[in-house]
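Given next are the chains, with one letter for each unit.
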Amino acid sequence: MWLGGCSSDERQSTRIPPLPSDDALKRAEIGVEYLSAIIRRSPRNSLNYHKRAELYIVLKDFPAALTDINDALEISPSNGLFLLTKARILRQIKRYDEALAAARQAEVLQQDTPELYILLGDLTQQKKQYRQAKLYLSKALQMAPYEGEAYFYNGLLDARQGDTLSGIALMQRAVELKPRFVPAYVELTTIHTRLHDYIQAKDINDQGLRYFPKESMLYYSRGIMYHSQKRLDSALIAYRAAIKFDSTNYAADFQAGTIYLKWNSLPLAIKSFQKVLRYNPKYPQINFLLGSAYDKHGNIEGAIEQYTLATQIDAADWRSRGRLYRAQQRKYYLDTYGTLPPASPEITSDADNEKDVSPIAPERERVQVNILTPRLELKTKSDTVRSLKIRQ
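A brief structural summary. In this text, all values refer to a predicted model and were calculated from it rather than measured experimentally. (Residues numbered from 1 in each chain as written. Predicted model: local features only at pLDDT ≥ 70, side-chain atom pairs only at ≥ 80, totals over all residues. Heavy atoms only, no water.)

1. Description of the overall build of the chain
No. 1: If you tally the helices and strands in the chain, you get 21 helices and zero strands.
No. 2: Put simply, of all contacts in the chain between residues at least 6 apart along the chain, 56% involve residues at least 24 apart.
No. 3: Element-wise, carbon and sulfur atoms account for 52% of the exposed surface of the chain, whose accessible area totals about 20500 Å². (Helix = DSSP H or I, 4+ residues; strand = E, 2+ residues; numbered from the N terminus. Contact = heavy atoms within 4.5 Å. Areas by Shrake-Rupley, 256 points an atom, 1.4 Å probe, with all protein chains shown as cover.)

2. Notes on the packing of helix 18 (residues 300-313) against helix 19 (residues 318-337)
No. 1: Where helix 18 meets helix 19, the closest approach of the two axes is 9 Å, and the angle between their N-to-C directions is 150 degrees. Taken together, the axis directions place helix 18 and helix 19 in an arrangement best described as roughly antiparallel. Note on packing geometry: the crossing formed by helix 18 with helix 19 is left-handed. Contacts between helix 18 and helix 19 involve Ile-300, Glu-301, Ile-304, Tyr-307, Thr-308, Ala-310 and Thr-311 from the first element and Ser-320, Arg-321, Arg-323, Leu-324, Ala-327, Gln-328, Arg-330, Lys-331 and Leu-334 from the second. (Axes fitted to C-alpha atoms, helices over the stretch in contact; angles between N-to-C directions. Parallel < 35°, antiparallel > 145°, perpendicular 65-115°, else oblique. Left-handed = near helix turned anticlockwise from the far one by under 90°.)

3. What about the side chain of Lys-275?
No. 1: By the secondary structure assignment, Lys-275 is in helix 16 (residues 266-279).
No. 2: Looking at Lys-275, its side chain comes within polar contact range of the main-chain oxygen of Ser-247, at 2.6 Å.
No. 3: For Lys-275, the contacting residues outside a window of four places in its chain are Ile-243, Ser-247 and Asp-253. (Polar contact = N/O pair within 3.5 Å; in protein donor to acceptor, adjacent residues only side chain to side chain.)

4. Looking at the nonpolar core
No. 1: One finds Phe-152, Tyr-220, Tyr-239 and Phe-273 to be the most contacted residues of the largest nonpolar core, which totals 102 residues.
No. 2: Of all the elements, helix 15 (residues 250-262) adds the most residues to this core, at eight residues.
No. 3: Excluding anything up to four places from it in sequence, Tyr-239 contacts Tyr-220, Gly-223, Ile-224, His-227, Ala-252, Gln-255, Ala-256 and Ile-259. (Core = buried A, V, L, I, M, F, W, Y, C linked by side-chain atoms within 4.5 Å. Buried < 20%, exposed > 50% of the residue type's maximum accessible area, 1.4 Å probe, protein only.)

5. Here's the deal with the packing of helix 12 (residues 198-211) against helix 13 (residues 216-228)
For any two helices packed against each other, the geometry comes down to the angle between their axes and how far apart the axes lie.
No. 1: Contact pair helix 12 / helix 13: the axes reach a minimum separation of 10 Å and the direction vectors enclose 160 degrees. By the angle between their axes, helix 12 is roughly antiparallel relative to helix 13. The chirality of how helix 12 crosses helix 13 is left-handed. Residues Tyr-198, Ala-201, Lys-202, Asn-205, Asp-206, Gly-208 and Leu-209 of helix 12 pack against Leu-218, Tyr-219, Ser-221, Arg-222, Met-225, Tyr-226 and Ser-228 of helix 13.
No. 2: Of the residues in the contact of helix 12 with helix 13, the class split is seven nonpolar, four polar and three charged. (Nonpolar A, V, L, I, M, F, W, Y, C, P; charged D, E, K, R; others polar.)

6. Describing the environment of Ala-252
No. 1: Of note, Ala-252 is situated in helix 15.
No. 2: For Ala-252, a relative accessible area of 0% puts it in the buried group.
No. 3: Separated by 20 residues in the primary sequence, Ala-252 and Ser-272 place their C-alpha atoms 9.0 Å from one another.
No. 4: Setting aside its immediate chain neighbours within four residues, Ala-252 contacts Tyr-220, Tyr-239, Ala-242 and Ile-243.

7. Some thoughts on the packing of aromatic side chains
No. 1: Enumeration over the complete set of coordinates arrives at 16 aromatic pairs.
No. 2: Centroid distance Tyr-185 to Tyr-211: 6.0 Å. Interplanar angle 65 degrees. Geometry classified as edge-to-face. Of this pair, Tyr-185 sits in helix 11 (residues 182-194) while Tyr-211 is found in helix 12, placing the two residues 26 residues apart along the sequence. Each member of the pair, Tyr-185 together with Tyr-211, is buried.
No. 3: Ring geometry for Tyr-219 versus Phe-245: centroids 5.6 Å apart, planes at 25 degrees, classification stacked. Within this pair, whereas Tyr-219 is found in helix 13, its partner Phe-245 is found in helix 14 (residues 232-245), the two being separated by 26 residues in sequence.
No. 4: You can call Tyr-219 buried: its relative accessible area is 17%.
No. 5: Relative accessible area serves as the criterion here: at 31%, Phe-245 is assigned to the partly exposed category.
No. 6: What links up through ring pairs into an aromatic cluster is the set Tyr-250, Phe-254, Phe-273, Tyr-279 and Tyr-283. (Phe/Tyr/Trp six-rings, centres within 6.5 Å; stacked < 30°, edge-to-face > 60°.)

8. A few points about the environment of Ala-235
No. 1: If you trace the backbone, Ala-235 turns up in helix 14.
No. 2: Along the sequence, Ala-235 and Ala-252 sit 17 residues apart, while their C-alpha atoms lie 9.9 Å from each other.
No. 3: Ala-235 has contacts with Gly-223, Tyr-226, His-227 and Ile-259, leaving out every residue within four places of it along the chain.

9. Looking at the pattern of salt bridges
No. 1: Applying the stated criterion across every chain yields a total of 14 salt bridges.
No. 2: Where Asp-122 meets Arg-91, a salt bridge forms, and the shortest distance between an N and an O atom there is 2.7 Å. Here Asp-122 is found in helix 7 (residues 114-126), whereas its partner Arg-91 is found in helix 5 (residues 80-92), with 31 residues between them in sequence. Take Asp-122 and Arg-91: they sit in the same class, and that class is buried.
No. 3: A salt bridge links Asp-206 to Lys-202; the nearest nitrogen and oxygen atoms lie 2.9 Å apart. Here the residue Asp-206 and the residue Lys-202 both occupy positions in helix 12, the gap between them amounting to four residues, near one helical turn.
No. 4: Judged by relative accessible area, which is 31%, Lys-202 ranks as partly exposed. (Salt bridge = Lys/Arg side-chain N within 4 Å of Asp/Glu carboxyl O.)

Printed below as a string of structure tokens:
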């Protein structure tokens, strides 16, 4: 918890706004139609493209937003505000290098705003340019001392560098200043889960879900929390909710697939892993696990294909190499003798001895937080919030 108090002015400025309604989306849709008619009549007005891009951002139609902002920049290539908007859109679609380039162009063009420096602070810390990130975020806080996002990214930066307690305190401050900022709830849930502080993880996750009852990443981080406690029924419910509210959340499909595989619900496991493969063929362990699901389901050719891909990606993957060899042996016996070979002890015990897949998956968490688990009481020079203690 943040240790400082809030002034009356500050509390007034951070009053929790009402939950979003469909009216805001409807107004954005009407605005897009209106601006589209204007653009057809006057196609060389860059401001209209920028306004429509902002509405597309509200509607989360980022490809359309990017098209519009590129059209605006083609007409007005030296507009710093347009470049900032482009950087924001590129970050949303995970094109981080391009986002950083656009943000730096906006900085050169003197787009001197807290939003730009927060964006630069986030993007530079992803490139592990921590000193530069700190400078950008400090500048943002000088310009806007009560800007919650600046506290959040400062906290994320501290957590990535190992000062976990400072990171938690700063992110909690971000929640207090900007209660409608989803990443703060997601990251705090994740950090407390990694520290096995499940009470705090659930509390912050519950708080976030009260404000954002349809936010996929909050359900996903909730699933990770339950998965880490081996409460698989509850984890699966959370993963299903994450998928319901965002069908592209393939990390939730992956985690759900690992539970289905463990329970031998093989058709559901295969369906989940196939979806992950469609969205991200390089997702860690996906070929091995899909191969395992095929293997158990009796699809030997599918298993061989996936195990082969896994060994091609990582030649040192001994599990996939062993499974591939055994699947090839079974296929040979079937093709030659029309029967399966005798089961060896290592095959029959394979599922029991195999380690569980880690529920902390890397892909969906855009910024990884490398937690250095503290002792009961931290007494290092780097930790700035000494009075906080982590329950073990």
